[in-house]
Amino acid sequence: MHRKITTINRVTIMGLGLFGGGVGAAEYWAKQGAEVTVTDLRDNQTLAPSIQALKEYSNINYVLKEHRENDFTTTDLLVVNPAVRPDNKFLQLARLAQIPITTEIGTFIQKHQKELHNPILAVTGSNGKSTTTSLLTSIIRRILPEALSGGNLGGSLLSKLGTYPAKTPAILELSSFQLHYLAEEMFAPEIAIITNLAPNHLDWHQTLKNYYTDKKELIQRQTNSNFAILNTQDPILREWADTATSTVITTELADSEKDNTAFIRGDEFIIRHQDHETRLSNLSDLNLPGKHNIANALQALTAAYIFFQNNQIPFSANTLSAGLNSFHGLAHRQEIVTRNKGITYINDSIATTPESTIAALNSYPGEDIVIIAGGYDKEISLTQMAEEIAHKAFAAVLIGSTAPKIALAINRINPNYNLTVITDNDFYQAVKVASQQLKTGIVLLSPGCASYDMFKNFQERGNKFKKITKKIV
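**Student:** Give me the overall build of the protein: which residues, what numbers.
**Tutor:** When helices and strands are tallied, the protein shows 17 helices and 20 strands. In the protein, which comprises 473 residues, the proportion classed as buried is 57%. Looking at the protein alone, contacts between residues at least 24 apart form 69% of all its contacts between residues at least 6 apart.

**Student:** An account of the side chain of D71 is requested, with residue identities and associated values reported.
**Tutor:** Take D71: it is sitting in helix 3 (residues 69-73). By relative accessible area, which is 8% here, D71 ends up buried. With residues near it in sequence (within four places) discarded, D71 still touches T12, T37 and V63.

**Student:** If you had to explain unusual backbone geometry to someone new, which residues and values would you point to?
**Tutor:** Within the chain, M186 stands out as a residue other than glycine whose phi angle is a positive 55°. For M186, the location among the structural elements is in the loop between helix 7 (176-182) and strand 9 (191-194). Not every positive phi belongs to a glycine, and N260 is a case in point at roughly 55°. With respect to the helices and strands, N260 occurs in the loop between strand 11 (247-251) and strand 12 (261-265).

**Student:** Give me the lowdown on the sheet that holds strand 2 (residues 35-40), citing residues and values where you can.
**Tutor:** Reading across the sheet, the 5 strands line up as 3-2-1-4-5 and stay open at both edges, with parallel pairing between neighbours. The open sheet has two edge strands with one neighbour each: strand 3 (60-64) and strand 5 (101-102). Sheet topology places strand 1 (residues 10-14) next to strand 2; 5 bridges connect them, and they run parallel. Of the residues in strand 2, the one forming a bridge with I13 is V38. Its contacts with the sheet put helix 1 (residues 21-31) on strand 1, strand 2, strand 3 and strand 4 (77-80), and the angle it makes with strand 1 is roughly 175°.

**Student:** Account for the packing of aromatic side chains, naming residues and giving values.
**Tutor:** As enumerated under the stated definition, the model contains 9 aromatic pairs in all. Relative to F308, the ring of F307 lies with its centre 5.9 Å away and its plane at 55°, an arrangement referred to as tilted. Since its relative accessible area comes to 1%, F307 is described here as buried. Assessed through its relative accessible area of 0%, F308 is described here as buried. Following the ring pairs from residue to residue traces out a cluster consisting of Y305, F307, F308 and F315.

**Student:** Report on the pairing of strand 8 (residues 170-173), specifying residues and quantitative values.
**Tutor:** Both faces of strand 8 are covered, namely the face carrying A170 and L172 and the face carrying I171 and E173. The pairing of strand 6 (residues 120-124) with strand 8 spans 4 bridges and is classified as parallel. Within strand 8, the residue paired with V123 across the bridge is E173. Sheet analysis places strand 7 (residues 148-151) next to strand 8, joined by 4 bridges and oriented parallel. Of the residues in strand 8, the one forming a bridge with G151 is E173.

**Student:** How would you sum up the packing of helix 6 (residues 129-140) against helix 11 (residues 291-310)? Please name residues and give values.
**Tutor:** Helices that pack against each other are described as a pair by the angle of their axes relative to one another and the distance between those axes. With their axes 9 Å apart at the nearest point, helix 6 and helix 11 run at an angle of 40° to one another. Viewed along their axes, helix 6 and helix 11 adopt a mutual orientation that is oblique. In the packing of helix 6 onto helix 11, the handedness of the crossing is right-handed. Only N293, N296, A297, Q299, A300, L301, A303, A304, F307 and F308 of helix 11 make contact with helix 6, whose side of the interface consists of T131, T132, L135, L136, I139 and I140. Across the contact of helix 6 with helix 11, the residue classes break down as 11 nonpolar, 5 polar and no charged.

**Student:** How would you sum up the pairing of strand 20 (residues 441-445)? Please name residues and give values.
**Tutor:** For strand 20, the tally of buried residues reaches 5 of 5 residues, placing the bulk of the element in the interior. Looking at chain direction, strand 16 (residues 343-347) and strand 20 are connected through 5 bridges and run parallel. Bridging across to strand 20, I346 finds its partner in L444. Looking at chain direction, strand 17 (residues 369-373) and strand 20 are connected through 4 bridges and run parallel. Across the sheet, residue I369 finds its bridge partner in strand 20, namely I442.

**Student:** Break down the sheet that holds strand 15 (residues 335-340) for me, with residues and values.
**Tutor:** The 6 strands lie next to each other as 15-16-20-17-18-19, forming an open sheet whose pairing is mixed. What marks the edges here is a single partner per strand, and that holds for strand 15 and strand 19 (419-421). For this sheet the average axis-to-axis angle between neighbouring strands, irrespective of direction, equals 15°. Its contacts with the sheet put helix 16 (residues 427-436) on strand 16, strand 17, strand 18 (395-398), strand 19 and strand 20, and the angle it makes with strand 17 is roughly 165°.

The rules behind the values
Residues numbered from 1 in each chain as written. Predicted model: local features only at pLDDT ≥ 70, side-chain atom pairs only at ≥ 80, totals over all residues. Heavy atoms only, no water. Helix = DSSP H or I, 4+ residues; strand = E, 2+ residues; numbered from the N terminus. Buried < 20%, exposed > 50% of the residue type's maximum accessible area, 1.4 Å probe, protein only. Contact = heavy atoms within 4.5 Å. Pairing = 2+ DSSP bridges. Axes fitted to C-alpha atoms, helices over the stretch in contact; angles between N-to-C directions. Phe/Tyr/Trp six-rings, centres within 6.5 Å; stacked < 30°, edge-to-face > 60°. Parallel < 35°, antiparallel > 145°, perpendicular 65-115°, else oblique. Left-handed = near helix turned anticlockwise from the far one by under 90°. Nonpolar A, V, L, I, M, F, W, Y, C, P; charged D, E, K, R; others polar.

Take a look at the structure:
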């Protein structure tokens, strides 16, 4: 229970960060005339780009390299960075003081959906959510070019509130962290897409049950007038489909011959909805490699079809195909960096889970692959990833905190495997060693782990890889 607050005069932003969410929240509340306190454990040098972006606002105060209890107990609103764990002691203090707690994305959803009455299409999952969100955005914008896209993709949409026509959709990628905090906001998207589920972020959620519970928040409060697009090739999502309160459209690569399902037939993406079959697009319109991206495209096409139809927006299969075909991938997601002397360098730094790395390994059949893997330990099993590396990669170069764990698992499978462990976290050396293993083939950066032990984020890791490859070649 929160104490009732009619006017928000004081706002505390916990975690300014460098991805734009903290900046967006601070700027938004400063423009509303609130006295804003930004508190972050990092120093002003680290946060300089974010602080610089807010320099014009005299009503923003900074408390850096520490948190003060008073900032959490005497404010009218606490906006927390979703990466902050829910058991944080300062959050506990705020709850005891009955301070309302939200996030940057929670603020946007409250204004965009609940106050301005605009639709939201939301995507979550353990893998593929960024690509699915981007594919869906590309398709929707063929008809509605003003459609918004954001959330876990980075940046903030708060500055755009009210600048677009009525009924403009927002397409949001939502992480399990964001969904955890949205549980108190009674959030229900018009269309929810869940790509798949696999163990992840157990260092934050503590248990697999907690992680899945937070993911399920996306569909928990939907009604039968809302839609859930669920990949029922995933056994857990198959169970969720049976108990969902919304109208479920299942997606599978093969035809289950059920109604309200989307699938692949030959070279076509097909949906069967209300006992009527419709061709959505062709496989040849997809520019991304791998079976996992076929699944992502199927969900994006399905969500776009349902959205247009449900909102009585005229469209055609050609519209869907054009949107699908115009998307050529995101940076750091199986991104071809360069080709030189028969070697292709591919940056898949976004692969922060074993499942993402396994998908990448399966995307290049018949190629000799040297993989660079390893990173921060999120306390999830890396055994299956190690097995796939041992069977599908010609050689592996391991880095980061998880390198010994992955090496041990690979050596149990094949003691003679071509394996190099970089013990001093020399990333340049890792890329150099990987390139020396091949005459022709692929050097694939697909870590299967987060980057926090060596880099600020996966983008910094990917950009470093791109710089090094250009020096090497």
